[in-house]
Amino acid sequence: MTQRREILKALALAGLGATTLSMAPGLLAGPSTQARKPLKILFLGGTGFLGPHTVRTALARGHEVTLFNRGKTNPDLFTQLETIQGDRNTGDIDKLRGRHWDAVIDTSSFFPRSVNSALAALAEHIDHYMLISTISVYRNFAEPGMDESAPVATLEGPDTEEITGTSYGPLKARCEAATRQKMPDRNTIIRPGLIVGPGDHTDRFTYWPARIKRGGEVLAPGAGDDFIQFIDVRDLGEWMIHCLEHKVLGTFNAQSRAGDHTMAELLTACQATLNPQARLTWVPGSFLAGHKV
């Protein structure tokens with residue numbers, strides 16, 4: 001499966017324009033190729049889902065990695081690396097003062113205070129700050145073909161830190177604003193959509209291959225022609241390190257291309273791979289919504 005993923009990635013890149021290819025030598029070379037200039041990279045987080053894949057890519061590329069986290073999620077990972085233990089939302093953030101890193105990857109900011117406190121300690125001693133945001137920052141998704149310039153969502157309460165389905169996106173948008181204010185011209189903001197791959201415990205993507213493998217009649221949404229978008233966590237991690245190595249600055253959506261995949265393609269691929277005897281029953285989205293599915 002890893003070989004198939006590499007082949008598909010190379011084919012996808014080969015189909016892009018020359019401008020995109022010129023920005024992606026790291027992706028074409030692969031993560032095992034040593035970077036021309038090793039970087040000192042600090043991860044705020046680094047042991048959850050996206051973090052470990054990105055850390056492994058950084059190490060494979062020859063970079064020096066330091067982790068700062070609470071030591072609660074997968075504490076047995078990366079015991080060979082320097083790990084500074086602390087809670088970023090407390091005075092522990094001062095443990096980072098006076099240290100220099102070429103780049104910081106922030107995978108654990110959920111409200112602007114987290115960004116502000118981290119950059120109060122780090123901004124004068126780092127060259128590049130990468131914030132992992134989300135496509136949930138957008139105000140709405142009614143307009144097909146939106147790009148990174150589309151309006152982001154806002155909250156009425158200025159100081160809320162309660163993370164809900166309604167506040168998550170707007171709070172991330174505030175994190176982005178804090179990043180741009182504190183690190184102008186030295187930031188990369190990445191807005192992933194649905195991240196899938198090894199270590200994903202959300203069940204948002206893995207439900208489908210697991211369900212179809214069980215067989216029988218499988219409830220499927222819509223008519224199969226709905227487009228879906230996602231990104232493999234390993235590809236995202238590689239691209240993040242590429243952006244640091246090549247100082248790719250700005251704000252970027254991180255998704256598969258719109259129109260490349262449909263729900264029917266996903267589910268029939270699961271059928272063909274895991275259980276051809278599974279039977280798909282397509283049900284209108286309005287029916288599912290009415291029954292809170």
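What counts, and where the lines are drawn
- Residues numbered from 1 in each chain as written.
- Predicted model: local features only at pLDDT ≥ 70, side-chain atom pairs only at ≥ 80, totals over all residues.
- Heavy atoms only, no water.
- Salt bridge = Lys/Arg side-chain N within 4 Å of Asp/Glu carboxyl O.
- Helix = DSSP H or I, 4+ residues; strand = E, 2+ residues; numbered from the N terminus.
- Pairing = 2+ DSSP bridges.
- Axes fitted to C-alpha atoms, helices over the stretch in contact; angles between N-to-C directions.
- Contact = heavy atoms within 4.5 Å.
- Polar contact = N/O pair within 3.5 Å; in protein donor to acceptor, adjacent residues only side chain to side chain.
- Core = buried A, V, L, I, M, F, W, Y, C linked by side-chain atoms within 4.5 Å.
- Buried < 20%, exposed > 50% of the residue type's maximum accessible area, 1.4 Å probe, protein only.
- Parallel < 35°, antiparallel > 145°, perpendicular 65-115°, else oblique.
- Left-handed = near helix turned anticlockwise from the far one by under 90°.

Chemist: Tell me about the pattern of salt bridges, and please be specific about residues and values.
Modeler: Applying the stated criterion across every chain yields a total of nine salt bridges. Between Arg61 and Glu245 there is a salt bridge, and its shortest N-O distance comes to 2.6 Å. Of this pair, Arg61 sits in the loop between helix H4 (50-60) and strand S2 (64-69) while Glu245 is found in helix H8 (residues 233-245), placing the two residues 184 residues apart along the sequence. Residues participating in the shared-partner salt-bridge network are Glu176, Arg180 and Arg191.

Chemist: Quick rundown of the sheet that holds S2? Include the residues and the values.
Modeler: Read across the open sheet, the seven strands follow the order S3-S2-S1-S4-S5-S6-S11; overall the sheet is parallel. Of all strands in the sheet, those bounded by a partner on one side alone are strand S3 (82-85) and strand S11 (250-254). The average angle at which neighbouring strand axes cross in this sheet is 20°, direction not considered. By the bridge criterion, four bridges tie strand S5 (residues 126-132) to strand S6 (residues 187-192) in an arrangement that is parallel. In the strand pairing of S6, Ile132 is matched with Ile190. Along the sheet, helix H5 (residues 112-122) makes contact with strand S1 (40-44), strand S4 (101-106) and S5, crossing S5 at roughly 165°. Each of S5, S6 and S11 touches helix H6 (residues 168-182); the most contacted strand, S6, lies at about 165° to it.

Chemist: Go over the environment of Asp200 with me, naming the residues and quoting the values.
Modeler: Among the secondary structure elements, Asp200 is positioned in the loop between strand S7 (195-196) and helix H7 (207-214). Remark: the alpha-carbon pair of Asp200 and Leu50, spanning 150 residues in sequence, is separated by 8.8 Å. Non-local contacts of Asp200, meaning those with residues more than four positions away in its chain, are made with Phe49, Ile195, Phe205 and Thr206. Within the local environment of Asp200, its side chain forms a polar contact with the side chain of Thr202, the two groups lying 2.8 Å apart.

Chemist: Kindly report on the nonpolar core, identifying the contributing residues and their values.
Modeler: Ile41, Ile105, Met130, Leu236, Met240 and Leu244 are the most contacted members of the largest nonpolar core, which totals 25 residues. When contributions to this core are tallied by element, the ones reaching two or more residues are S1, H4, S2, S4, S5 and H8. It is H8 that provides the largest number of residues to this core, a total of six residues. Dropping the residues within four chain positions of it, Ile105 is found in contact with Ile41, Leu42, Phe43, Leu44, Thr54, Met130, Met240, Ile241 and Leu244. Membership of the second largest hydrophobic core comes to 21 residues, among which are Phe68, Leu96, Leu119 and Ala178.

Chemist: Mind laying out the packing of H7 against helix H9 (residues 263-274), listing which residues take part and the relevant values?
Modeler: Running from N to C, H7 and H9 cross one another at 45°; their axes reach a closest spacing of 9 Å. With respect to H9, the axis of H7 lies oblique. As for how H7 packs across H9, the hand of that crossing is right-handed. Side by side, H7 and H9 meet where Trp208, Pro209, Ile212 and Lys213 of the first sit next to Met263, Leu266, Leu267, Cys270, Gln271 and Leu274 of the second.

Shape descriptors only; they carry no functional weight alone.
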